[in-house]
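Here is how the chains run, residue by residue.
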There are 2 protein chains.
Amino acid sequence: MQGRSFCSALSGREFARLAVIVTSRSYGARQMIVQEGDQAEFLLNIVSGTVKLYRALPDGRVQIVGFLGEGDFFGVPATRCYAVSAEAVTSAQLCVFPRRSFDRLLNECPTLERRLFELAKTEVAASRDHMLLLGRKTARERVASFLVAMADKTQCARATSPCINLPMARTEIADYLGLTMETVSRTLTSLRNEGVVAVQSPGHVDVLRPDTLRHIANGEE
Amino acid sequence: MQGRSFCSALSGREFARLAVIVTSRSYGARQMIVQEGDQAEFLLNIVSGTVKLYRALPDGRVQIVGFLGEGDFFGVPATRCYAVSAEAVTSAQLCVFPRRSFDRLLNECPTLERRLFELAKTEVAASRDHMLLLGRKTARERVASFLVAMADKTQCARATSPCINLPMARTEIADYLGLTMETVSRTLTSLRNEGVVAVQSPGHVDVLRPDTLRHIANGEE
DNA sequence: CGCATCGTTGAGGTTGGTCAATCCCTGTGG
DNA sequence: CCACAGGGATTGACCAACCTCAACGATGCG
């Protein structure tokens, strides 16, 4: 999850200037947005919908490195090419900034650069969290961690029984958690049978025992 | 691996100013440097030796998120606390910058901030690489990837038969690759038996067939 | 209604983990 | 010089978590 509402770093004047160079694009579910190795000509900001970032191995194995939602931002590459592919999970609306214009703006607006730096630091921290998950957590702990993270992003997170929206498919959850679809499904079923969560529909999960879920996520059972 | 020689971003005058607030510290092998959750009072730059960054689960499982070497830099946290622990792998010499002074310098020197931003971007890209490794690669591919990465860092990488220096223990390689010590050892043995590498001593590996190793690392066999 | 897609469940296999014995290397002391 | 101890590395036997393959169920759309 890269940072939300980066535009808040801009003054009204800067924002107006930026608006001139911006175009908007719509993507249907599963539509490819950028591909690993493409020239990084654009920076993108998500207006609505969910987008996945992923890396792939030649034989088709996929690792999703993050899901982006409303307000998230991507395409600030270390090199001239994108290092990851991006694909729409749901239908999505994106703001497109030509890279050159954006770079110019960056030079004129140190606040913006600082804000992007903050986002990058948050991203590094999140990546390390995810490395711990991928390298050392069990399937059960991974799924619980995922649900906790998704609950934290949802509006009703503060409620006694948070409800979680899962716009992505089981396969995509699996590719994010380094598991198979079947293992994700089985794990969710067992969490349901234990009364930790309730699965209303594939895309809608209620957390019945948030503390238990959190404990499982942290490997504290 | 966070960025090398960040000091190159500094002008002579800025460097001189920085030098005033810098102190140097020595650490013995396995000595703790900072601990996850500690107040982030210092930024550190490695002068010599190897340092590991890691996150741990309450039951002792460890995921090493990176090894740092000469010139690498760490301690730019997104929050007030360190999100990872750091420990000396070999005996090491570090430069210590008090955070407040460093922040002040940062405000005065946009070049430095830009440089740190670049480092953070590189770090994000490296993290994503490692997520692919942890989430989707086999033990064999992980070990091969690790050897390739270590070879790329070594001086004699350009030689026809690159030699690799491994200052860290097998356990540490395992904690970096999301495996066990035993699996790392077995995998190295099988690569040796196939004539891909030669293991001179635990800390010294020669790559006999670099292309093969690279293919294995990328899952292209 | 029929089809397609996604999700769930089951049976069995494989990779990598666990536990334990042995090896190797280094350092120490007799 | 050798014996010994100790830590890391290697190897082996066994096991379990997760994957694979396959069947079945649910949901949504034309």
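Calculation rules
Residues numbered from 1 in each chain as written. Chains lettered and ligands numbered in written order. Predicted model: local features only at pLDDT ≥ 70, side-chain atom pairs only at ≥ 80, totals over all residues. Heavy atoms only, no water. Near = heavy atom within 4 Å. Polar contact = N/O pair within 3.5 Å; in protein donor to acceptor, adjacent residues only side chain to side chain. Helix = DSSP H or I, 4+ residues; strand = E, 2+ residues; numbered from the N terminus. Expected span 1.5 Å × (residues − 1). Buried < 20%, exposed > 50% of the residue type's maximum accessible area, 1.4 Å probe, protein only. Arc of directions from axis to C-beta. Contact = heavy atoms within 4.5 Å. Nonpolar A, V, L, I, M, F, W, Y, C, P; charged D, E, K, R; others polar. Core = buried A, V, L, I, M, F, W, Y, C linked by side-chain atoms within 4.5 Å. Buried area = accessible area lost by both parts, 1.4 Å probe. Salt bridge = Lys/Arg side-chain N within 4 Å of Asp/Glu carboxyl O.

**Side note on the protein's contact with DNA strand D**
No. 1: Inspection of the region around DNA strand D gives 18 residues, with A139 and T183 of chain A together with R30, R170 and T189 of chain B positioned closest.
No. 2: Backbone polar atom of A139 of chain A to a phosphate oxygen of DNA strand D: 2.8 Å apart, as the coordinates give it.
No. 3: Note that a base nitrogen of DNA strand D is positioned 2.8 Å from one of the side-chain N or O atoms of R186 of chain B.
No. 4: Elements supplying a minimum of two residues to the surface near DNA strand D: α6 (181-193) of chain A together with α6 (181-193) of chain B.
No. 5: The element contributing the most residues to the surface near DNA strand D is α6 of chain B, with six residues.

**Thoughts on α6 of chain A**
Residue and element names in this part refer to chain A.
No. 1: Between its first and last C-alpha, α6 extends 18 Å over 13 residues, near the 18 Å set by a 1.5 Å rise per residue.
No. 2: Among all positions in α6, only V184, T187, L188 and L191 are buried. Projected onto a plane normal to the axis of α6, the buried residues spread over an arc of 100° and lie on a single side. Among the exposed residues of α6, those oriented more than 90 degrees off its buried face are R186 and N193.
No. 3: On its buried side, α6 packs onto α4 (139-153), α5 (170-177), β10 (197-201) and α7 (210-217).
No. 4: At the C-terminal side of α6, G195 shows a positive phi close to 80°.

**Description of the protein's contact with DNA strand C**
No. 1: In the vicinity of DNA strand C, 18 residues are found, and the nearest of them are R30, R186 and T189 of chain A together with A139 and T183 of chain B.
No. 2: When atoms of DNA strand C within 4 Å of the protein are sorted by moiety, sugar and phosphate together comprise 62%.
No. 3: Here a phosphate oxygen of DNA strand C and a side-chain polar atom of R170 of chain A are 2.9 Å apart.
No. 4: Residue assignment for the surface near DNA strand C shows that the elements contributing at least two residues are α6 of chain A together with α6 of chain B.
No. 5: Of the residues in the surface near DNA strand C, the class split is five nonpolar, six polar and seven charged.

**Here's the deal with the nonpolar core**
No. 1: I33 and F146 of chain A together with I33 and F146 of chain B are the most contacted members of the largest nonpolar core, which totals 102 residues.
No. 2: Not counting chain neighbours up to four residues away, the residues in contact with I33 of chain B comprise Y27, L44, V51, F74, A86, E87, A88 and L94 of chain B.
No. 3: Residues L116 and L119 of chain A together with L106 and L119 of chain B belong to the second largest nonpolar core, which totals 26 residues.

**Remarks on the interface of chain A and chain B**
No. 1: Taken together, the contact pairs 44 residues of chain A with 44 residues of chain B.
No. 2: Between chain A and chain B, the buried area comes to about 4,100 Å², and carbon and sulfur atoms account for 59% of it.
No. 3: Where chain A packs against chain B, one counts ten salt bridges.
No. 4: In this structure, the salt-bridge partner of R55 of chain A is D129 of chain B, at a minimum N-O distance of 2.2 Å.
No. 5: Where chain A touches chain B, the interface holds 20 residue pairs in polar contact (both at pLDDT 80 or more).
No. 6: Contributing elements (two or more residues each) for the side of chain A that touches chain B: β4 (51-56), β5 (62-68), α2 (99-108), α3 (110-136) and α5 of chain A.
No. 7: Of the residues contributing to the side of chain A that touches chain B, the split by class is 20 nonpolar, eleven polar and 13 charged.

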